[in-house]
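A structural walkthrough
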Amino acid sequence: MAVTPLLSALTRLAAVEAHSRSSSRCPCGADTLAERADATVVRHAGVVAKAHAPGISAADLAPRLAAAASLPHLLLPPLTPAPASLHDRLVTFWSYGAPVDPDTPDAAPWEEAGTLLAQLHRTPAPHALPPMRGPVKAARAVLRLREVDGEHPAVAPVLGAWAGLPGWARGVAPMPDTTTLCHGDLHLGQLVRHPAPDGPWRLIDVDDLGTGVPAWDLARPAAWYACGLLPPEEWTRFLAAYRTARGPAVPADGDPWPALDVPARALTVQTAARAVTKAIARDSPLDEVEECLVDACARMVSVPHRSVDLPGGSGSVPEQLPSSSAK
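Presented here is an overview of the structure given in this document. Fair warning: this is a prediction, and the values are worked out from it, not measured in the lab.

Focus on the pattern of salt bridges
- Tallied over the full model, the rule gives 11 salt bridges.
- With its nearest N and O atoms 3.0 Å apart, the salt bridge here joins D185 to R220. Here R220 lies in helix 6 (residues 216-226) and D185 lies in the loop between strand 7 (181-182) and strand 8 (191-193), a separation of 35 residues in the sequence. In terms of burial, D185 and R220 fall into one category: buried.
- For the salt bridge of E290 with R282, the shortest nitrogen-to-oxygen distance reads 3.2 Å.
- When salt bridges with common partners are traced through the structure, they connect R133, K137, D185, D208 and R220 into a single cluster.

A short note on the environment of P126
- Take P126: it is sitting in the loop between helix 3 (110-121) and helix 4 (134-146).
- Along the sequence, P126 and R64 sit 62 residues apart, while their C-alpha atoms lie 9.0 Å from each other.
- When near neighbours in sequence (up to four residues on either side) are disregarded, P126 contacts A67 and L181.

Focus on the sheet that holds strand 4 (residues 84-86)
- Taken together, the five strands give an open sheet; going across it, the order is 1-2-3-5-4, and neighbouring strands pair in antiparallel fashion. Of all strands in the sheet, those with a lone pairing partner are strand 1 (30-36) and strand 4, marking the two edges. Going from strand to strand, the sheet's axes swing by 25 degrees on average, the running direction of each strand aside.
- Set on the sheet, helix 1 (residues 5-20) makes contact with strand 1, strand 2 (39-44), strand 3 (47-52), strand 4 and strand 5 (89-95); between it and strand 2 the angle comes to about 40 degrees.
- Its contacts with the sheet put helix 2 (residues 58-70) on strand 3 and strand 5, and the angle it makes with strand 5 is roughly 15 degrees.

Considering the nonpolar core
- One finds V158, L218, W235 and V276 to be the most contacted residues of the largest nonpolar core, which totals 85 residues.
- When residues in this core are grouped by element, the largest group, 11 residues, is from helix 8 (residues 257-281).
- Setting aside residues no more than four positions away along its own chain, L218 makes contact with L117, H121, W235, F238, L239, Y242, A249, V250 and L260.
- Formed by 13 residues, the second largest nonpolar core is a distinct cluster that contains A9, A18, V42 and A49.

Rules behind the numbers
Residues numbered from 1 in each chain as written. Predicted model: local features only at pLDDT ≥ 70, side-chain atom pairs only at ≥ 80, totals over all residues. Heavy atoms only, no water. Salt bridge = Lys/Arg side-chain N within 4 Å of Asp/Glu carboxyl O. Helix = DSSP H or I, 4+ residues; strand = E, 2+ residues; numbered from the N terminus. Buried < 20%, exposed > 50% of the residue type's maximum accessible area, 1.4 Å probe, protein only. Contact = heavy atoms within 4.5 Å. Pairing = 2+ DSSP bridges. Axes fitted to C-alpha atoms, helices over the stretch in contact; angles between N-to-C directions. Core = buried A, V, L, I, M, F, W, Y, C linked by side-chain atoms within 4.5 Å.

Nothing here speaks to function; it is geometry throughout.
Next comes the structure, spelled out in structure tokens:
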């Protein structure tokens, strides 16, 4: 990985912050946890420094940081109340938390994720919190797809599925729920144990935190399950834990898909748009997972909505997102 000026400066800043918080000898050593266009994240000892996406303003970020600070039983709180500025990017500091281990999928904390999410959705939203940014991020992924090769055969079905969504799911109209506290970008990478390595699970990444439709936070695992990318047992564990904790996004029992349908479609389109954009950029064919996502988008366009029953008490899945595990 090339060391950019931002990465180098962020690494130094993380070291300063870590050293200022420890009276013991620091085992000095930095790890780059992420370096993407929308975030650069480094760790130094017990401190994590994150450079947020270009264009995020302090006015956008401040109420989200305040919300995390006020809900430490749900969200990992920031170490400082206000962001710093570095290379025209806002930087925040966090305690290090142990992430989900991708090499032990059977130990994935689906129950903990469902419970935390339900508790978050049932918590009154702090005053002046902006709207959840999920639909806006989906719209940006589709915009980037529009800017690449429109002749690629995967582009049309993805854009067609996007066109069939209601305006709120495309970020062009207000969301029908403007009061529920939502994470905005829920997946297993957004959970850590704090204190590391075996403390309680907490949600991280407040960039998209806000008010909106709570079903959006269930939509990514729902879409993965419907496309055959998440085993039915794991989806059932997640959904059951959410319902047990009285999460408001879906009915307490019965079919959850009427509530999940639109958000699950939107997250499928977003994921497919990103995958196709990257495949075109690297000039390579779609892999099996990417083909599955594009196929799901094509079915959204061609098959009218109709739910089919599933065995095992996991409800039903919308027929426009079928797979071998969801038929």
